[in-house]
Amino acid sequence: MIVTILFTGWYGYSNFIDTNVYQNSREYEDFVDRALYEKELFKTNSNAQVEYDYEEPFATAVRKDTETTDSISAFRDHKIKARIKECKKMVSLEESEDLTHACIVDTSVHSSGNGADSLVIYTKFYEEQDRKMVLRITDVQTYLFSHDMGKELEPLQALNVNFRAKASKFAKEYFEKTFGEERLKEDWKDYISDSDDNYNKFILTGNTVIFFFNEDTVLDPSYGTVTLKIPYQYMQLAIRPKVLDRYIDPNKPMVAVTFDDGPGGKSETRILECLEKYGAVATFFYQGMLIDDFGYNAVKAAEIGCEIGNHSWDHPMLSSLSKKKMRSQIERTNEAIKNATGIKPDLIRPPYGDFNKKVNGVIKSEDMASVLWTVDTRDWESRNPKKIFKSVKKVKKLDGKIILMHSIYNETAKATEKIIPWLVKNGYQTVTVSELVKYKTGKLPKAGDQIRTIH
Ligand code: ZN
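Here we summarise the structure given alongside this text.

Thresholds applied
Residues numbered from 1 in each chain as written. Predicted model: local features only at pLDDT ≥ 70, side-chain atom pairs only at ≥ 80, totals over all residues. Heavy atoms only, no water. Helix = DSSP H or I, 4+ residues; strand = E, 2+ residues; numbered from the N terminus. Buried < 20%, exposed > 50% of the residue type's maximum accessible area, 1.4 Å probe, protein only. Contact = heavy atoms within 4.5 Å. Areas by Shrake-Rupley, 256 points an atom, 1.4 Å probe, with all protein chains shown as cover. Lys, Arg positive; Asp, Glu negative; His and termini not counted. Charge placed at Lys NZ, Arg CZ, Asp CG, Glu CD. Right-handed = clockwise from strand over helix to strand, strands pointing away. Donors = N, O, S within 2.8 Å, 3.2 Å for Na, K, Ca; no water. Pairing = 2+ DSSP bridges. Axes fitted to C-alpha atoms, helices over the stretch in contact; angles between N-to-C directions. Core = buried A, V, L, I, M, F, W, Y, C linked by side-chain atoms within 4.5 Å. Parallel < 35°, antiparallel > 145°, perpendicular 65-115°, else oblique. Patch = residues over 30% accessible without salt bridge, like charges linked within 9 Å, V, L, I, M, F, W, Y side chains within 5 Å. Salt bridge = Lys/Arg side-chain N within 4 Å of Asp/Glu carboxyl O. Phe/Tyr/Trp six-rings, centres within 6.5 Å; stacked < 30°, edge-to-face > 60°. Arc of directions from axis to C-beta. Polar contact = N/O pair within 3.5 Å; in protein donor to acceptor, adjacent residues only side chain to side chain.

It is worth spelling out the overall build of the protein chain at this point. Counting its regular elements, the protein chain contains 15 helices and 18 strands. Here the protein chain, with 455 residues, has 54% of them falling under the buried criterion. Look at the contacts in the protein chain between residues 6 or more apart in sequence, and 70% of them connect residues 24 or more apart. If you sum the accessible surface of the protein chain, you get close to 21,200 Å²; carbon and sulfur atoms cover 48% of it. Between the mean site of the 65 positive side-chain charges and the mean site of the 68 negative ones, the protein chain shows a separation of 10 Å.

Given below as structure tokens:
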């Protein structure tokens, strides 16, 4: 839908504007320069250059950063062309070819501290109306790239799975405080909830995450595109210290390797080194009581993109405990993991897979999902690397499955060194349990879910 918007702050330039729209290329350049500095959504590099292309009745202008990588500038130029083409299409559709139109595209590239480059493309489409140039549409597109590899990144390669929850909390307070209920749209909360549909447009600037909200979402359409700037200090646990260059193709087979009972010592260090070597990830379900001794492995696991889950404090049968004791087992462990790694687990694997309605009720009220398994290597029983490897190899189709191992045995470490390259060679992507659920179902696990195999 096209919304007519009066450009805020317009009347400061009323002399120029009210007499008529621009008459020549020099006046057009003045118009563009003002338009670019009005309602800036982001800062451009000081070397950014503007390319003006004055033509009646459809003029364009593009501002670009000069300092960027070749792959991003090629990608950017392609996207700019597409934006301009779309604006042009709107003109002919409306049969108003005789009126003056301007499509102004502002772009910028930002580097974050974690190895991500962000590209933002901001399009403003103006149309002549009663001898004035009126801003009719604003639109923002954002893209993430790996600085080292130049490849486009998915949000979860630069941010942790909890980023929407963090942003949502900040957004609620910020919008309420800044605009108050009376200026916010009736359904504004739908656009700031932590649903997967929200917070998909953002850039990382190095000390701030800037989220963009389409016009006519949280605020009245006259505000145009709305920005929300969140300093990194409020997003600390949500920004990966280093981007993952791993890309997950949702159409290719994927498997979640999981390790229980750690964090462990040497055996787990060996497992982590193997994962890192092959660019693979796993999910570790930790016992809270071991974090003090082996927290360094938990930190390493988080750094290389593994997921960390809860495996109780000291491995009791949860179903034999009172609700209060069960809660304490879960909460103490979450707290210890969070203190060591900065990540609050969303997943729990009940020790022994011991699970009933009461256990699930408590897990749900702790806002967590439980994870069981589909391939049991029985590594704790055989303690035999060959047998462990075989128990994985013999499964015909591993896509969507969850493999269970334990990171506290050297034999398991040895088996992992065979299993991971075998999975890679056979075309399996290793993913975390949350990623498996997300890519297979389109949604992240939610409180109370019981996860086994996902098709
Ligand atoms: Zn266990």
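The subject of this paragraph is the pairing of strand E12 (residues 307-310). The alternating pattern of E12 places Glu-307 and Gly-309 and Ile-308 and Asn-310 on opposite faces, both of which are buried. Following the backbone out of strand E11 (residues 283-286), through helix H9 (residues 291-303) and into the adjacent parallel E12, one traces a crossover that is right-handed.

Attention now moves to the coordination of the zinc ion. For a metal with four donors in a tetrahedral arrangement, the ideal angle between donors is 109.5 degrees, while six donors in an octahedron ideally sit at 90 or 180 degrees. Coordination of the zinc ion by the protein comes from Asp-261 (OD), His-311 (NE2) and His-315 (NE2), over a distance range of 2.0 to 2.1 Å. Expressed as a motif, the donor residue spacing for the zinc ion is D-x49-H-x3-H. Each member of the pair, His-311 as well as His-315, carries the same accessibility label: buried.

Turning to the sheet that holds strand E8 (residues 208-213), a few remarks are in order. Strand pairing in a sheet takes place through backbone hydrogen bonds and is either antiparallel or parallel in direction. The strand order E7-E8-E9 describes an open sheet built from three strands, whose pairing is antiparallel. Every other strand in the sheet has two partners, leaving strand E7 (202-204) and strand E9 (226-231) as the edge strands with one partner each. With strand direction ignored, the average angle separating the axes of adjacent strands in the sheet is 15 degrees. Bridge count between E7 and E8: three bridges; the pairing is antiparallel. Along E8, the bridge assignment pairs Ile-203 with Ile-210.

Let's shift gears to the nonpolar core. One finds Leu-275, Phe-284, Leu-398 and Leu-423 to be the most contacted residues of the largest nonpolar core, which totals 38 residues. Broken down by secondary-structure element, the contributors of at least two residues to this core are strand E10 (254-262), helix H8 (266-277), E11, H9, helix H10 (323-341), helix H13 (385-393), strand E16 (402-406) and helix H14 (410-425). It is H14 that provides the largest number of residues to this core, a total of six residues. With 31 residues, the next largest nonpolar core counts Leu-153, Phe-202, Met-235 and Ile-239 among its residues.

What follows covers the pairing of strand E5 (residues 132-146). Among the 15 residues of E5, 13 are classified as buried, and the element is accordingly described as predominantly covered. In this structure, strand E4 (residues 116-129) lies alongside E5, joined through 14 bridges in antiparallel fashion. Bridging across to E5, Ile-121 finds its partner in Gln-141. A loop of two residues connects E4 with E5, the two strands running antiparallel in sequence, and Asp-130 in this loop sits at a positive phi of about 50 degrees. Hairpin connection from E5 to strand E6 (residues 152-153): five residues lie between these consecutive antiparallel strands, with Gly-150 at a positive phi of about 75 degrees.

Orientation of H8 relative to H14, taken along the N-to-C sense of each, is 10 degrees, at an axis distance of 8 Å. Relative to H14, H8 is oriented roughly parallel. Note on element contacts: H14 touches H8 through Asn-410, Thr-412, Ala-413, Lys-414, Thr-416, Glu-417 and Ile-420, opposite Ser-267, Arg-270, Ile-271, Cys-274 and Leu-275.

For the rest of this paragraph, the subject is a positive patch on the surface. On the surface, Lys-387, Lys-390, Lys-393 and Lys-394 cluster together into a patch of positive charge. Inspection of the secondary structure assignment puts Lys-390 in helix H13.

Inspection of every chain in the model, using the stated rule, returns 24 aromatic pairs. Summarising the aromatic geometry, the rings of Phe-42 and Phe-212 are spaced 6.5 Å apart at their centres and angled 90 degrees between planes, so their arrangement reads as edge-to-face. Linking Phe-42 in the loop between helix H2 (25-37) and strand E1 (49-53) with Phe-212 in strand E8, this pair joins segments that are 170 residues apart in sequence. Both residues of the pair, Phe-42 and Phe-212, belong to the buried class. Their ring planes at 25 degrees and their centres at 5.8 Å tell us that Phe-284 and Tyr-286 sit as a pair that is stacked. Note on accessibility: Phe-284 and Tyr-286 belong to one class, buried.

Quick look at helix H11 (residues 357-365) now. When we look at burial in H11, the residues that qualify are Val-359, Asn-360, Val-362 and Ile-363. Along the axis of H11, the buried positions cluster into a sector of 160 degrees, meaning they face one direction only. Taken together, the buried residues of H11 touch H10, strand E13 (347-348), strand E14 (369-371) and strand E18 (450-451). Where H11 begins, the capping side chain belongs to Asn-356, and its oxygen is found 3.1 Å from the backbone nitrogen of Lys-358. Count one or two residues on from H11 and you reach Asp-367, which has phi positive near 65 degrees.

Backbone torsion omega between Glu-56 and Pro-57 reads 5 degrees, so that peptide bond is classified as cis. Along the polypeptide, Pro-57 turns up in the loop between E1 and strand E2 (58-64). Of note, the bond from Gly-262 into Pro-263 is cis; its omega dihedral lies within 30 degrees of zero at 0 degrees. As for its placement among the helices and strands, Pro-263 is situated in the loop between E10 and H8.

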